[in-house]
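# An overview of the molecular structure
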Amino acid sequence: MPRGRYSLHDPHDHTSLGEEHFQCAPGPSGWRYVAQRTTPSGTPVGSVDLALDELGRPIRLELRASDWQVRGAALDGVTWVRTDPTGTHATEGNVRAHAFTGTSPAFLVATARLLRLTPSSAATRVRLLALTDPVLAPRTVDQSWALVQREAHATDNGPLTVESYQVTALDTGEQHTVHLTGDVVLEAPGIELEDLESPPSAFT
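With an unreviewed UniProt entry as reference, the chain is termed Glycolipid-binding domain-containing protein, source organism Streptomyces griseoaurantiacus.

Quick look at the structure:
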């Protein structure tokens, strides 16, 4: 069960946005990721609880940020309920999308798991519902994912397979690279793995 810490920063000006302390593990029904988010000063500011089924679809999402909360799942596309800080108003939504995305590294692992690309696969288009900070505002985005390299690296615990994905935002054409090993993000725009207490889990 990987457990560790990511540092989060603005991918454009590199301003620190805090940290995400996480643990994740595969299970008989899929994969689950839970995390607590903190500000740069260490103040708790939100949480992530994401569960995927064996096909990589989000069967449960609970996201909290600045007292806002979103609960969602894959249902006729993706369906969610967003609650305001006072708890008096809740809005429901549904869009024809494949999964959720956001600033948490969990969403990068989840998208890669959903697409199951190989280095010989063509770039694959995916529609995601982005929940944007700081108030978890929902926005539909279209991306293209391609697995450009899969490489084994020798470690003290045996070979570690690192996958490099090229991700393209289809509305702007902006491209970036995401490096994953198993169910852990090594590096991505705005994300750096700072500490990992145990080896990543490999998806079968």
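## Overview of the overall build of the chain
Looking only at helices and strands, the chain has one helix and 15 strands in total. By the compact-globule yardstick of 17 Å for 204 residues, the chain fits well, its C-alpha radius of gyration being 16 Å. The dimensions of the chain, computed from C-alpha atoms along their principal axes, are 55 × 40 × 40 Å. Classification of the 204 residues of the chain by burial places 43% in the buried group. The long-range fraction of contacts in the chain, counting pairs at least 24 apart against all pairs at least 6 apart in sequence, stands at 38%. With an accessible surface of roughly 10600 Å², the chain has 50% of that area assigned to carbon and sulfur atoms. Computing the positive centroid from 16 side-chain charges and the negative centroid from 25, the chain places the two 8 Å apart.

## Some details on the side chain of Gln 69
Along the polypeptide, Gln 69 turns up in strand S6 (residues 68-74). A distance of 2.7 Å separates the side chain of Gln 69 from the side chain of Arg 64, its partner in a polar contact. Every residue in contact with Gln 69, bar those within four places of it in the chain, is listed here: Glu 62, Leu 63, Arg 64, Val 81, Arg 82, Thr 83 and Leu 136.

## Topic: the layout of surface pockets
Here the largest pocket defines a volume of roughly 1300 Å³. Here the element with the most residues in the lining of the largest pocket is strand S11 (residues 137-153); it accounts for five residues. Looking at the lining of the largest pocket, its residues break down into 20 nonpolar, 19 polar and nine charged. If you add up the space inside the second largest pocket, you get close to 420 Å³. Around the second largest pocket, the lining is made up of 20 residues, and of these Glu 163, Gly 182, Ser 201, Ala 202 and Phe 203 lie nearest the centre. Counting residues per element, the lining of the second largest pocket draws most heavily on strand S12 (residues 160-169), at four residues. Taken together, the residues of the lining of the second largest pocket break down into eleven nonpolar, five polar and four charged.

## A short note on the side chain of Asp 84
Take Asp 84: it is sitting in the loop between strand S7 (78-83) and strand S8 (90-95). Only 2.3 Å separates the side chain of Asp 84 from the side chain of Thr 86, close enough to count as a polar contact. Polar contacts involving the side chain of Asp 84 include one to the main-chain amide nitrogen of His 89, which spans 2.8 Å. Sequence-distant contacts of Asp 84, that is, excluding residues within four places in its chain, are made with Asp 67, Trp 68, His 89 and Ala 90.

## Describing the pattern of salt bridges
Under the criterion given, the structure shown has eleven salt bridges. For the salt bridge of Glu 19 with Arg 5, the shortest nitrogen-to-oxygen distance reads 2.8 Å. Linking Glu 19 in strand S2 (residues 16-27) with Arg 5 in strand S1 (residues 3-9), this pair joins segments that are 14 residues apart in sequence. Taking relative accessible area as the criterion, Glu 19 reaches 24% and is therefore assigned partly exposed.

## Notes on the packing of aromatic side chains
According to the stated counting rule, one finds four aromatic pairs in the structure shown. Their ring planes at 45° and their centres at 5.9 Å tell us that Trp 31 and Tyr 33 sit as a pair that is tilted. Using a relative accessible area of 3% as the deciding quantity, one classes Trp 31 as buried. In this structure Tyr 33 comes out as buried when scored by relative accessible area, which is 1%. Cluster of aromatic residues (ring-pair linked, three or more members): Tyr 6, Phe 22, Trp 31 and Tyr 33.

## Structural notes on the nonpolar core
With 47 residues, the main nonpolar core has Tyr 6, Tyr 33, Leu 50, Phe 100, Trp 145, Tyr 165 and Val 185 as its most contacted residues. Among the elements that take part in this core, helix H1 (residues 105-115) stands out by supplying eight residues, more than any other. Sequence-distant contacts of Val 185, that is, excluding residues within four places in its chain, are made with Tyr 6, Pro 105, Leu 108, Val 109, His 179, Leu 180, Ile 191 and Leu 193.

Criteria and cut-off values
- Residues numbered from 1 in each chain as written.
- Predicted model: local features only at pLDDT ≥ 70, side-chain atom pairs only at ≥ 80, totals over all residues.
- Heavy atoms only, no water.
- Helix = DSSP H or I, 4+ residues; strand = E, 2+ residues; numbered from the N terminus.
- Rg over C-alpha atoms; globule rule 2.2 N^0.38 Å.
- Buried < 20%, exposed > 50% of the residue type's maximum accessible area, 1.4 Å probe, protein only.
- Contact = heavy atoms within 4.5 Å.
- Areas by Shrake-Rupley, 256 points an atom, 1.4 Å probe, with all protein chains shown as cover.
- Lys, Arg positive; Asp, Glu negative; His and termini not counted.
- Charge placed at Lys NZ, Arg CZ, Asp CG, Glu CD.
- Polar contact = N/O pair within 3.5 Å; in protein donor to acceptor, adjacent residues only side chain to side chain.
- 1 Å grid on protein atoms, 1.4 Å probe; cavity = no way out; pocket = protein on both sides within 12 Å on 5 of 7 lines; lining within 4 Å.
- Points joined across faces, edges and corners; volume = space filled by probe spheres on them.
- Nonpolar A, V, L, I, M, F, W, Y, C, P; charged D, E, K, R; others polar.
- Salt bridge = Lys/Arg side-chain N within 4 Å of Asp/Glu carboxyl O.
- Phe/Tyr/Trp six-rings, centres within 6.5 Å; stacked < 30°, edge-to-face > 60°.
- Core = buried A, V, L, I, M, F, W, Y, C linked by side-chain atoms within 4.5 Å.

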